[in-house]
Each structure stands twice: as structure tokens, then as C-alpha cells.
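Structural description and commentary
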Amino acid sequence: MTLSTALPAALPAAVPAAVPTAVPTTSAHRICPFCEACCGLELDLEQNKVVRIRGDTNDVFSHGFLCPKAIGLKDLHDDPDRLRTPLIKRNGVFEPATWDEAYAEIEKRLPPVIAAGGANAVATVLGNPVSHKMSLMLYFPRLAKALGTRNMYSASSVDQVPKMLSVGLMFGSWLSVPVPDIERCDFLLILGANPMVSNGSLWTVPDFRGKAKALRARGGQLVVVDPRRTETADVADAHHFIRPGADVFFLLGIAHALFDENLVRLGRLAEHTVGLEQVRAAVREYAPELVAARCGIDAATMRQLARSLANTPRAAIYGRIGTCTQQFGTLCSWLIDVINVLTGHLDEEGGAMFPKAAAFAANTRGAPGIGRGVATGRFRSRVSGAAEVSGELPVTCLAEEIDTPGPGQIRALIAIAANPVLSAPNGARLSKALDQLDFMVSLDIYLNETSRHADVILPGVSPLEDAHYDVSFTQFSHRNHARFSAPVLARAGDQPDEWQSMLRIAAIAKGLGAKADIDSLDDELLQEDVARAAGPAAPALLAALGSQRGAERMLDLALRSGPYGDQFGKNPDGLTLARLKAAPSGIDLGPMGSRIPEALRTPSGKIELAPQALLDDLARAAADLQAQAPDLVIVGRRQLRSNNSWMHNLPVLAKGAYRCTALVHPVDAGRLGLVDGAMAQIRNGERMIEVQVEISAQMMPGVVSLPHGWGHNLEGTQMRVASERPGVNLNALLDENLRDPLSGNAVLSGIAIRMQPVA
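Every chain's residues receive numbers from 1 upward, in the order its sequence appears when written. Given that this is a predicted model, residues contribute local features only at a pLDDT of at least 70 and side-chain atom pairs are listed and counted only at 80 or more, while totals for whole chains, interfaces and linings are drawn from all residues. Only hydrogens and water are set aside; all other atoms, that is, all heavy atoms of the structure, feed into the side-chain values.

**Structural notes on the overall build of the protein chain**
- Within the protein chain one finds 26 helices and 27 strands.
- Atoms considered for the radius of gyration are the C-alpha atoms alone. The globule rule reads 2.2 Å times the number of residues to the power 0.38. Relative to the globule expectation of 27 Å for 759 residues, the C-alpha radius of gyration of the protein chain, 27 Å, shows essentially globular dimensions.
- For the protein chain, the spread of C-alpha atoms along the three principal axes comes to 105 × 75 × 65 Å.
- Across the 759 residues of the protein chain, 60% fall into the buried class.
- Partitioning the contacts of the protein chain with sequence separation of at least 6, the portion at a separation of at least 24 is 74%.
- For accessible areas, the Shrake-Rupley method is used with a probe of radius 1.4 Å. Any residue's cover is judged against the shown protein chains and nothing else. Of the roughly 28,400 Å² of accessible surface on the protein chain, 53% is carried by carbon and sulfur atoms. Numbering of helices and strands runs from the N terminus; a helix is a DSSP stretch of H or I covering at least four residues, while a strand is a stretch of E covering at least two. For the exposure calls, accessible area comes from a 1.4 Å probe over protein chains only, and a residue counts as buried if that area is under 20% of its type's maximum, exposed if over 50%, partly exposed in between. The contact criterion used throughout is that any non-hydrogen atoms of two residues lie within 4.5 Å.

Dropping the structure here:
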């Protein structure tokens, strides 16, 4: 008997099992938007979804490196809290709206504010994510010009304006920031920076760990000066604690030692530098032996560091947020570059060099080697009288400009990817002030601590749905390159480009209305720009850009007319946007090269080593030299998974150990009765927060560290992951009136505090 004949007649014939249909996988490239490292990513996609993120090994700049933040890009795109439709607040409640309804609401409410109070009745505030958005970077100036307001604010004045001011005065343009040529450097002194976490700041350097390891492997040295033994200090050859806020005295001591020990060697820069003797006279009274007690670093160490900088052929000193966010931020920023000049390491291989960006850099445009320089104080804030720097007023002035009555009072605000209620000092005052506005618009992807006050929220585009080029960060990159990210995923059909929203609001401000033809407006504005730059050649240049529109057209113009561009046919092998699009992993433009005098844009055509405003500010430092150091001060810190507040809502980045803790040295914990893991109060005058204590020998005795960007416990937000572990806001302790007087930058570090256990 066979098996087939044994089966009952009624049994149906066997049906072959279904073979699963393979889902096609495609790959795409993207520049990571989470920090200044701007790593190149390769993404695997299935059915318009990201299924895998990894470093792009072919990327000409990052070579496959990525940090844990990169995988959060999928969480960001998929986040159910991310806003995808405009919201209008009606009777105190946000309701979904169409784009036309949102623009109509802006048209209804913004022009009356301008009509009643003038252009300055409207303010703008920009947040850090703007720098990762090509559309916002390129089109905000269009909006600002249409508004005509002097009340412009940004996150720059909580962390970087001192550097912008010092390099502007010395080299002639706001973003001419010399960065360490780390791949050829043999001695690197890092002050108040933690590139192991940041991968550079105002210095775009992915895989700092790998580059630091290579530096040491070739016999070089890495030395870190910081009040905390940071992740960078852990991989360095030496680490020295420094009293917060006293960096200026450390730097003055090194500069003094260079003159005192005949170590000043300007080399070829001598003929391109003015002010050497003024600097010599200015630092004469700051011998290391006189400043050692104030900065907490002994004189012998300062002198040895000066010798190492001077005697190592390829060396540099680099400082960042810790040097900017203090009362002498501009002086510190200036002295860092002064020391690089004095030791012969500015604009030299292995020293601090000027990148040559492919597009948008002021130090590649116009006549080389000379320019108008920079000016500050062209106007001042209405209440505090704070000076304008780079067209902006200090963000710490925003609250008082809203809540102080009188002519010129701010009555409307346009916030663009900004969360100053968390990121600026005394957010409680700003939060109350925002509720007093007649009208507020937010362009944001989240309903957060700031956008909750808005009357209209226009949701931003997911980074995966948007085209991108690094407008800013190519100007700080340790190696010259150009990369373009095309959109990776399809967006909702009615979602406009962010440049279109910016132009739509600009059209409303100009009186053209919400239904204006913004393509025609875009053409008109670009024609004006090109006519100013190119004169009679403008029509031919515009025609060569073809049918492109918006931000991509502006990028193509900048690339083609830039230092590596095809010059509209004159250099056939040069850069164009089409060529960049054909190279998804980017185009390498080579290592940094010497650029002095070509990169200078000062009226003298020289490096201005001794700007008078900075020399004058030394009197303030001299008065502080004998000040008694407080028993306990607080500083901030950045963390790898939470560089900005909006990262706290991404599950892959939020998981793990609780990170919003106050690091306290064991000696301080003992004398104050603090217990590891227990709660403590921190007070600055009447301001008070409660924090979880983490006892750590990483800290310098007398210094407490609390991370930046937390405090997600305010009502009216929609960031569910962040609210589960809200943390506490360091900025709630800080005085918004305490600023570096030259730059207006907020003072966030070295603030005297009192600390005690929670009863």
C-alpha cells in the first residue's frame, strides 16, 4: 500500500506553503544632525522606514565614525510627540490646523503688532538646531530683513559669542575661527573643552578619540586644563584642575612666560601682525607666580606649558565652552589666539589653522587680505543697554525687553527651533514674559517648554525629509570638504520646505500677505543679492542656475562662486551642486593650508593682536585678581547622549543611568554632609533647585558640576519620554543680568553657590 492510496478520498490536495515576499532594502546617505561632528551616515530603508543606521565608511570626512547619538535619528523621525501638523492656540488650547489656516492666523495677528509698535515690537530667537538646517540658516536673513527689527536673539549668546567677537576683532570676520590641525599636531593644550563628548565645538572633528590616540602614538602630547577630570582628560597625558572663571589668569600667565623667557616667535606672521608690543605691555604684570593662587595652577606648570607650546614645532592651544561661558569670556577667547600667534603656531601645519570652506565663508569672499572688519555696539538693548554683537542682542535680555513697559517694548516673538526657557538663565522669568506677548509663533518639531507659549506652531521638517548642507560647520572643520544630503524619506504632501515658511512669514511682514507668490519673492530677493555681488554679470549667473529653487539654488550659487567652484564654466572641474549630489559620501578638498594674509578681512590687512576694547577690559581682570575665591562654585557639563534638550525625548538616547546629577568631590561631600544618591539643595541667593548628588573624585574640590538642558517638568509640554525623568534646570540658578560685558554672553560657570542635604 502506498501512502497516497491510504489517504481518505475527501482529504484535499496539499497546498504549497506561501513564500514570503522579500521587502526591498535600499540605502541612503545622511549628515548626522545631532552635534557639530556632522558624521556621515548610511541608512538602510524598507518601505519608507529606516531599519538600520551605521557610519558611512566611504564618507570623505568622518570615515565611518559615529557615536551613540546617530542611531537616535530613527527615534526622532518616528517620535509620536514630534509635531507633524500646524497648531493654533484657541481659548488656551492647541488645535490642529492646516498650513493655510496657520499662515492666515499669522497674517491676522502679526501685522497689527508691527503697525502699533513698529518693527522693533517683534523679536526673533534662534536655537542651536538651526545650524543643522540649511533652509533655516539661509533664509532666516531673508526673514530678518523683512521684519527690520533690532531685537534678534539666539543661543549663540549663551555659549559662543565671545569667540566670535575676539576673532572678528583680530581677523576681520565673525567666523574666522582658527581650529587645531589635530592630524598633524604634536602638542595640544585643551582648555575648558571636552571634545571626547562634543567631537569638537567651533571645531568640527569627528572621532576625536581616534585622532587623539594617533597624536599620542606618534609621540605627541595631549594636556587638558579643566575643573573636572573630563572624558577628554581621561585620554590625555596630563590633566590640571583650574578654578572656574580664572582661565584668564592662567592664559595671561602663559603669555607673560612667553615674553619673559624669550619664547615669542612670530615667524612669517611678523610682517602680517600689529600690536605685539601692546600685548607685551598688557601681560607684563601677570607673572605666573602672581596669578597661580587665583587660577589654582602652580607657576612651574604654567611656565612648562608655555615652553612646551613654544618649543614643539607643531602645537596649538584650543579652548571652548568653559572659556566662553564666564565673566572674562572674550578675554579668554582672545588670549588663546594670542598665544597661538606668539608661539608661531597660528596658520601653520599642526597648529591652529583657518579652514577654507567651499561655500558661505566671509573670509573667502571679496578682496583677499583686507576688508571692513567688524563693528559692535551699533545699537543697544532698550532696558539694560547691552551692546549689539554680530547683529544680535544677548538672549538674557529677552525677558526684560518683553516684561518692561515703554516705547520699544517687544510685543511679538518668532522662535525658530529655540527653547530659551530651558537654555537661558532664569527661564522662569522668560516663561512669564512670554505669556504677556500679544502674539508668538514657533517653528519647532516639539511642543516644548518654550513653544507651549506660542499662538501658532509651524512644525519643522524631519531631518530625514529635508535636503542639507553644513552651512556653518564646514567653516570650522579640521579638514576641508563638501557634502550634501538629499532627502531620505518622503514627507507628507502638504508639508512645505522650511525656507518656504520663512518666506511666507517674510511676505506677511512686508505687507504682501499670506497668499503672496513666494516663488516670485524668492526670485526677486536672489536677483538683488546677485546684482550686488556680480553687477552686469548677474543675469547670466542667474540663468545658469536653471530651474532650481529655494535653498538648493542658493547653495549651488555659493558653491559655484566659492573658492573651489566651477566659476560658472571658467573652471570646468570645479564644484557645483550637481557634482556634489553625484558624490553621496562627499568630496574631499584636502587638509587645511596656510591662509594668512589671504584670509584676513581687517581694515589694516593685518592680524590685530591687541584690539583696544580687549586691552581696556584687562582692567576688570586686574581688579578681580585679588578676589577671594568662593568656597563652592558650580559649572555645567555636556553629555554624549544629551547635548541638547530635545534629545531627552528619544528613547534610545534617554535610556540608561540617570544623568542629571550634581557631581561633588568627596571632600566637599564630607564637609557639607552630602550622601551619594541622596537629594541636596543648591542655592544662589534666592534661587534654589533640588538635585541628586553623585560623589565623584572627577571634580576639583570646591566645584560642583550639573549638566545643561534639563528641567522637563513644566505643564503644557508634549515630550513624554523627557518628562519621565525631567531632571532639574541648572539655568534656574543663574542670574540673567550677569554677562561678559564685551560680548554680552551669559555667565554660566564659576557661580558661587551654597549646598546642603534635603532635610
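**What about the confidence of the model for the protein chain?**
- Averaged over every residue, the pLDDT of the protein chain is 95; residues scoring 70 or more account for 97%.
- One confidence number per residue, pLDDT, is output by the predictor and ranges from 0 to 100. Counting contacts from residues 1–15, a segment whose pLDDT is below 50, to residues more than four positions away or on other chains yields 1 contact.

**Some words on the nonpolar core**
- Judged by nonpolar contacts, the single largest core of 88 residues is most densely connected at L188, L189, F249, F250, L251, I254 and W334.
- The biggest single contributor to this core is helix α9 (residues 247–260), with 10 residues.
- Discounting residues that sit within four places of it in the chain, F250 has contacts with L189, L191, V225, I242, C295, I297, M302 and L305.
- One finds I106, A516, L525 and A538 within the second-largest nonpolar core, a separate group that totals 70 residues. By nonpolar core is meant a set of buried Ala, Val, Leu, Ile, Met, Phe, Trp, Tyr and Cys residues that side-chain atoms within 4.5 Å join together.

**A short note on the sheet that holds strand β26 (residues 751–752)**
- Strands pair, by our definition, only if DSSP identifies at least two bridges between them. With mixed pairing, the 7 strands of this open sheet are ordered in space as β26-β21-β25-β22-β24-β23-β27. Sheet topology places β26 and β27 (754–757) at the edges, where each strand pairs with a single neighbour.

**Remarks on helix α19 (residues 518–534)**
- Here α19 contains 17 residues, and its C-alpha end-to-end distance of 24 Å stays within 8% of the 24 Å for a straight helix at 1.5 Å per residue.
- Along α19, the positions that sit buried rather than exposed are I518, L521, D522, L525, L526 and V530. Taken end-on, α19 shows its buried residues confined to a sector of 160°, consistent with a single buried face.
- In this structure, the buried residues of α19 make contact with α4 (134–147), α18 (498–509), α20 (538–544) and α21 (550–561).
- Phi turns positive, to about 60°, at G535, one or two residues after α19. Multiplying 1.5 Å by the residue count of a helix minus one yields the expected span of that helix. Each C-beta atom gives one direction from the helix axis, and the arc is the one those directions make.

**Topic: the sheet that holds strand β11 (residues 238–240)**
- The strand order β11-β10-β9-β13 describes an open sheet built from 4 strands, whose pairing is parallel. Each edge of the open sheet carries a strand with a single partner, namely β11 and β13 (315–319). Across this sheet, the average inter-strand angle for adjacent strands is 15°, counted without regard to direction.
- One ladder, built from 5 bridges, connects strand β9 (residues 187–191) with strand β10 (residues 221–225); its direction is parallel. Of the residues in β10, the one forming a bridge with L191 is V225.
- Sitting on the sheet, helix α12 (residues 299–311) touches β9, β10, β11 and β13, and the angle it makes with β9 is about 135°. With axes taken as lines fitted to C-alpha atoms, and helix axes fitted only over the stretch in contact, angles between N-to-C directions fall between 0 and 180 degrees.

**Topic: the environment of F476**
- Summarising the element assignment, F476 is placed in the loop between β17 (456–459) and β18 (479–482).
- In this structure, the C-alpha to C-alpha distance between F476 and N128, residues 348 residues apart in sequence, is 16 Å.

**A look at the environment of N199**
- Among the structural elements, N199 can be located in the loop between α6 (195–198) and α7 (208–217).
- N199 sits in the buried class, given a relative accessible area of 3%.
- When the C-alpha positions of N199 and P666 are compared, they lie 29 Å apart, and in sequence the two are 467 residues distant.
- Pairing of N or O atoms within 3.5 Å defines a polar contact, subject to two protein rules: one partner must be a possible hydrogen donor and the other a possible acceptor, and residues neighboring in sequence count only if both atoms are side-chain atoms. A distance of 3.1 Å separates a polar atom in the side chain of N199 from the backbone nitrogen of D207.

**Looking at unusual backbone geometry**
- Note that the residue after I596, namely P597, is joined by a cis bond; omega there is 10°.
- Here H63, not a glycine, exhibits a phi torsion of approximately 55°, which is positive.
- Examined against the element boundaries, H63 turns out to sit in the loop between β3 (49–55) and α2 (72–78).
- On the basis of relative accessible area, H63 is assigned to the exposed category, the value being 52%.
- Backbone geometry at N91 places phi at a positive 55°, although glycine is not the residue there.
- Within the secondary structure, N91 sits in the loop between β4 (87–90) and β5 (93–96).

**Digging into α4**
- In this model, α4 (14 residues) spans 20 Å end to end at C-alpha, consistent with the 20 Å of a helix rising 1.5 Å per residue.
- One axis is fitted to the seven residues ending at the residue and one to the seven starting there. The bend at that residue is the angle between these axes. Roughly 35° is the biggest bend found in α4, and it falls at F140, with proline P141 one to four residues downstream.
- With 11 of its 14 residues buried, α4 lies for the most part within the structure.
- Of the residues making up α4, those classed as buried are M134, S135, L136, L138, Y139, F140, R142, L143, A144, A146 and L147.

**Examining the packing of α4 against α18**
- Closest axis-to-axis distance for the α4/α18 pair is 9 Å, and the angle between their directions is 0°. Between α4 and α18, the angle is such that the two are roughly parallel. Contacts between α4 and α18 involve S135, L136, Y139, F140, R142, L143, A146 and L147 from the first element and E498, W499, M502, L503, I505, A506 and A509 from the second.
- Throughout this entry, Asp, Glu, Lys and Arg are counted as charged residues, while Ala, Val, Leu, Ile, Met, Phe, Trp, Tyr, Cys and Pro are counted as nonpolar. The remaining residues, Gly among them, count as polar. Looking at the contact of α4 with α18, its residues break down into 12 nonpolar, 1 polar and 2 charged. Our angle categories are set so that under 35 degrees counts as roughly parallel, over 145 as roughly antiparallel, 65 to 115 as roughly perpendicular, and the remainder as oblique.

**Side note on the packing of helix α3 (residues 99–117) against α18**
- Taken N-terminus to C-terminus, the directions of α3 and α18 make an angle of 35°; their axes are 9 Å apart at the nearest point. In terms of crossing hand, the pair formed by α3 and α18 is right-handed. Contacts between α3 and α18 involve W99, Y103, I106, E107, L110 and P111 on the former and, on the latter, S501, R504, I505 and I508.
- Of the residues assigned to the contact of α3 with α18, the class counts are 7 nonpolar, 1 polar and 2 charged. Here a crossing is called left-handed whenever its near helix is offset anticlockwise from the far helix by less than a right angle, and right-handed whenever the offset is clockwise.

**So, the pairing of strand β15 (residues 412–416)**
- Buried residues dominate β15, accounting for 5 of its 5 residues.
- The alternating pattern of β15 places A412, I414 and I416 and L413 and A415 on opposite faces, both of which are buried.
- By the bridge criterion, 5 bridges tie strand β6 (residues 122–126) to β15 in an arrangement that is parallel. Residue pairing in the sheet places V122 in a bridge with A412 of β15.

**Quick look at the packing of aromatic side chains**
- Aromatic contacts are taken between Phe, Tyr and Trp rings whose centres are within 6.5 Å, Trp giving its six-membered ring; a plane angle under 30 degrees counts as stacked, one over 60 as edge-to-face, and the others as tilted. Applying the stated criterion to the full structure yields 7 aromatic pairs.
- Considering the side-chain rings of W203 and F208, the 6.0 Å spacing of their centres and the 80° angle between planes classify their relative orientation as edge-to-face. With respect to burial, W203 and F208 carry one shared label: buried.
- Ring pairing ties together the aromatic residues W203, F208 and Y318, which thus form one cluster.
- The ring of Y139 has R142 lying over it, and the distance from NZ or CZ to the ring centre is 5.8 Å.
- The positively charged end of R504 is found above the aromatic ring belonging to Y103, 5.6 Å away from the centroid. We call a charge positioned over a ring when the NZ of a Lys or the CZ of an Arg lies within 6 Å of the ring centre and within 35 degrees of the ring normal.

**Quick look at the side chain of N649**
- Positionally, N649 belongs in the loop between β21 (633–635) and α24 (651–654).
- The class for N649 is buried, based on a relative accessible area of 0%.
- Of note is the side chain of N649, whose polar atom sits 3.1 Å from the backbone nitrogen of V721.
- Of the polar contacts made by the side chain of N649, one reaches the backbone nitrogen of A722; its length is 3.0 Å.
- Not counting chain neighbours up to four residues away, the residues in contact with N649 comprise D79, D81, Y446, M719, R720, V721 and A722.

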